[in-house]
Amino acid sequence: MRRIKRFFCLIVPFFLAFSLHADDSLADVYFSCGNDSKRIAITFDDGPHYKYTAEILDILKEYDIKATFFVVGQLAQRYPELILRELAEGHEVASHTWSHPHISEVTEDSLANEIVSTEELIFELAKYRPRLFRPPEGKYSDTVRRVAAELDYEVVLWTVDTRDWSHPTVDKIVETVLENTESGSIILCHDFIGNNSPTPEALRRFLPELKRNGYEFVTVSELILGDD
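The rules behind the values
Positions within a chain are numbered from 1, following the residues in the order the chain's sequence is written. Owing to the predicted nature of the model, reporting of local features is limited to residues with pLDDT of at least 70; listing and counting of side-chain atom pairs is limited to 80 or more, with chain, interface and lining totals taken over all residues. Calculated side-chain values reflect all of the structure's heavy atoms, with hydrogen atoms and water omitted. The salt bridge criterion pairs a side-chain nitrogen of Lys or Arg with a carboxyl oxygen of Asp or Glu, the two atoms within 4 Å. Secondary structure is summarised from DSSP: a helix means a run of H or I of at least four residues, a strand means a run of E of at least two, and numbering begins at the N terminus for each. The buried label applies to any residue whose accessible area, calculated with a 1.4 Å probe on protein chains only, is under 20% of its type's maximum; exposed applies above 50%, and partly exposed to all values in between. Note on definitions: a residue-residue contact is assigned when non-hydrogen atoms from the two residues lie within 4.5 Å. For helices, the fitted line uses only the C-alpha atoms of the stretch in contact; every axis is such a line through C-alpha atoms, and the angle between N-to-C directions lies from 0 to 180 degrees. Orientation categories follow fixed angle ranges, with anything under 35 degrees roughly parallel, anything over 145 roughly antiparallel, 65 to 115 roughly perpendicular, and all other angles oblique. Here a crossing is taken to be left-handed if its near helix is turned anticlockwise relative to the far helix by less than a right angle, and right-handed if that turn runs clockwise. Gly is placed with the polar residues, together with every amino acid not listed as nonpolar (Ala, Val, Leu, Ile, Met, Phe, Trp, Tyr, Cys and Pro) or charged (Asp, Glu, Lys and Arg). Side-chain rings of Phe, Tyr and Trp, where Trp is taken by its six-membered ring, are said to pair if the distance between their centres is within 6.5 Å; with planes under 30 degrees apart they count as stacked, over 60 as edge-to-face, and otherwise as tilted. Here, over-ring charges are defined by two tests on the NZ atom of lysine or the CZ atom of arginine: distance to the ring centre within 6 Å, and angle to the ring normal within 35 degrees. Note on terminology: disulfide denotes any pair of cysteine sulfur atoms within 2.5 Å.

Observations regarding the pattern of salt bridges
In step 1: A complete count under the given rule lists 13 salt bridges for this structure.
In step 2: Of the charged contacts in the structure, one is a salt bridge between R134 and D45, with a shortest N-O distance of 2.7 Å. With R134 in the loop between β6 (132-133) and α6 (142-150) and D45 in strand β3 (residues 39-45), this residue pair connects regions lying 89 residues apart in the sequence. This pair shows no difference in class: R134 is buried, exactly as D45 is.

Section: the environment of Y128
In step 1: Mapped onto the elements, Y128 comes out in the loop between α5 (108-126) and β6.
In step 2: The exposure class assigned to Y128 is partly exposed, which follows from its relative accessible area of 23%.
In step 3: Residues Y128 and I59 lie 69 residues apart in sequence; the distance between their C-alpha atoms is 24 Å.
In step 4: Not counting chain neighbours up to four residues away, the residues in contact with Y128 comprise L87, E92, V93, E119, I122 and F123.

Topic: the packing of α5 against α6
In step 1: The contact between α5 and α6 brings their axes to 10 Å, and the two run at 50 degrees. Compared by their axis directions, α5 and α6 come out oblique. Between α5 and α6 lies a crossing of right-handed hand. Note on element contacts: α6 touches α5 through T143, V144, R146, V147 and E150, opposite E108, L111, A112 and I115.
In step 2: Per-class residue counts for the contact of α5 with α6 are five nonpolar, one polar and three charged.

Regarding the packing of aromatic side chains
In step 1: Under the criterion given, the structure shown has two aromatic pairs.
In step 2: Geometrically, the ring pair formed by F44 and F69 is stacked, given 5.2 Å between the ring centres and 20 degrees between the ring planes. With F44 in strand β3 and F69 in strand β4 (residues 68-71), this pair connects stretches of sequence that are 25 residues apart.
In step 3: The ring of F123 carries K127 above its face, with NZ or CZ at 5.7 Å from the centroid.
In step 4: Over the face of the ring belonging to Y153 we find R131, whose NZ or CZ atom lies 4.4 Å from the ring centre.

Notes on the state of the cysteines
In step 1: In the structure shown here, the tally under the stated rule is one disulfide.
In step 2: Disulfide pairing places C9 opposite C33 at an S-S distance of 2.0 Å. Note on the C9 and C33 pair: the S-S dihedral is about -60 degrees, so by sign convention the disulfide is left-handed. Highlighted residues: C9 in strand β1 (residues 9-12) and C33 in strand β2 (residues 29-33), separated in sequence by 24 residues.
In step 3: C9 sits in the buried class, given a relative accessible area of 13%.

Right under this line is the structure:
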């Protein structure tokens, strides 16, 4: 396992955090990682999407913000040019399984195959291996953590949930983000949403506001693993 630098990271179960560090058979599950420099991470699940991922990348470039994309392998295979663009523009690509299954319904071997298949595709495309994993719907168990540890992945969830997938109003997303973000937060958005995604417009409103409030956007690995 890699040596990991942790700085006030919220790892679940919180009251067992010390013992979890000594047990390499189960991967840690990260929600946030507090720091003194107002560093935060914004993440996008379920993509890439032919329209919204490209639009989101344009917005991130406009505001000079780096993000982490938890991609679905099947969609990465369909839109490889978007994976290559994410990496070329300095974003982090992470795993969100191959087919976005219901985690409770897959076996340990099937879950491992979901992760490995996505990793191998991304490596074939870009000679890049993701090391972060987010289980679909944020559901995790000892099985998920054990498979992740065996494959040398860290499990990442979030502290700020925009629930953009449910098509709330843009105002509601902005309010949720601005009221709940603090140093070390991991913000959950989605770049694959059905018609009329509210996410791009919400990003245009809360990203510059967070920057004005002194927040620095980094990738999840930079936030929780100390990777620079």
